[in-house]
Amino acid sequence: MTGRPVTVRRGAGPAGLLLVVAGAAWVWVVTRWGGMQTMPGTMGLGPPAFLAVWTLMMTAMMLPATAPVAALYARTIVVHRVPRMVVFTVGYLLVWAAAGLPAYGLAVGLERAVSLPAAAGTALAAAVFAVNGVYQLTPLKDRCLARCRSPIGLMLRYTSYPGPSRDLRAGAHHGAFCLGCCWSLMVLLAAFGVMNLWAMVALTAVITTEKLAPAGRVVARAVGVASIVLAVAVFWVPALAPGLTGSGTTGM
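Student: Explain the environment of Cys-148 to me, and be specific about the residues and the numbers.
Tutor: Among the structural elements, Cys-148 can be located in helix α5 (residues 139–149). Exposure remark for Cys-148: the relative accessible area of 2% places this residue in the buried category. Between the alpha carbons of Cys-148 and Val-69 there is a distance of 7.9 Å; along the sequence they are 79 residues apart.

Student: Which residues make up the packing of helix α2 (residues 47–74) against helix α8 (residues 197–212), and what values do they have?
Tutor: Remark: α2 packs on α8, axes separated minimally by 9 Å, with the N-to-C direction vectors making an angle of 20°. Here α2 lies roughly parallel to α8, going by the angle between them. The crossing of α2 and α8 is right-handed. Of the residues in α8, those in contact with Met-57, Met-61, Met-62, Pro-64, Ala-65 and Pro-68 of α2 are Met-200, Leu-203, Thr-204, Ile-207, Thr-208, Lys-211 and Leu-212.

Student: Which residues make up the packing of aromatic side chains, and what values go with them?
Tutor: Per the stated rule, a full pass over the model turns up six aromatic pairs. Note on Tyr-73 and Phe-88: the rings are 4.6 Å apart at their centroids and 20° apart in plane angle, and the pair reads as stacked. With a gap of 15 residues between them, Tyr-73 in helix α2 and Phe-88 in helix α3 (residues 81–113) connect regions that are remote in the sequence. One aromatic cluster is present, built from ring pairs that chain together Tyr-73, Phe-88, Tyr-158 and Tyr-161. Its end group placed over the ring of Tyr-161, Arg-169 keeps NZ or CZ at 3.9 Å from the ring centre.

What counts, and at which threshold
Residues numbered from 1 in each chain as written. Predicted model: local features only at pLDDT ≥ 70, side-chain atom pairs only at ≥ 80, totals over all residues. Heavy atoms only, no water. Helix = DSSP H or I, 4+ residues; strand = E, 2+ residues; numbered from the N terminus. Buried < 20%, exposed > 50% of the residue type's maximum accessible area, 1.4 Å probe, protein only. Axes fitted to C-alpha atoms, helices over the stretch in contact; angles between N-to-C directions. Parallel < 35°, antiparallel > 145°, perpendicular 65-115°, else oblique. Left-handed = near helix turned anticlockwise from the far one by under 90°. Contact = heavy atoms within 4.5 Å. Phe/Tyr/Trp six-rings, centres within 6.5 Å; stacked < 30°, edge-to-face > 60°. Lys NZ or Arg CZ within 6 Å of the ring centre and 35° of its normal.

What follows is the structure, given as structure tokens:
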């Protein structure tokens, strides 16, 4: 376990399939919700609709960085590769769909926070930035990121899973590590605006770089430091957090 990002030459088909799915999710998000960039809270959606939109967002943002791992897992499958990879992907996305439940609770709280004085929104934005900044520098973040960057050991574990539930369990297990790695980055959407497309693109780039680039760990720490700086700067420049301060119309 060297911590180097996984690179896979064979099994490009499964990786390409995930990229196609992610691309389709991006198209849907842009065409359907692109005009609601800084709308706070639940965007007027009930729990089922919010969870559906949230899952599509996570599909768009997370699958590009997961494609190499999926290709590596596909190499452990001898027969029925395509349907089994679909099950693996479903298991992975189910974890992020479940994360939509606390995300919805947070969104409801943010809707109520909109009625608070501007200073309270700024303080809340500072707290959001600080939480992400601190978590990016913790050993837990580093451990989860290491598993995402070098999952060879996980592949050995997944091959020992018995029965027809193997692919679903493997996808969910890997999804849990990705959630542990990236949840605080997703919380930043509260500050930038839940459907802020520029923020989504930037966070997707950060997540992909953290997991796949040779200097991914350095990037993770740099993002943590930058987030702590934003926690201080937002008091002077509230427009840094349009989702909580109401400043600006398109976010960063």
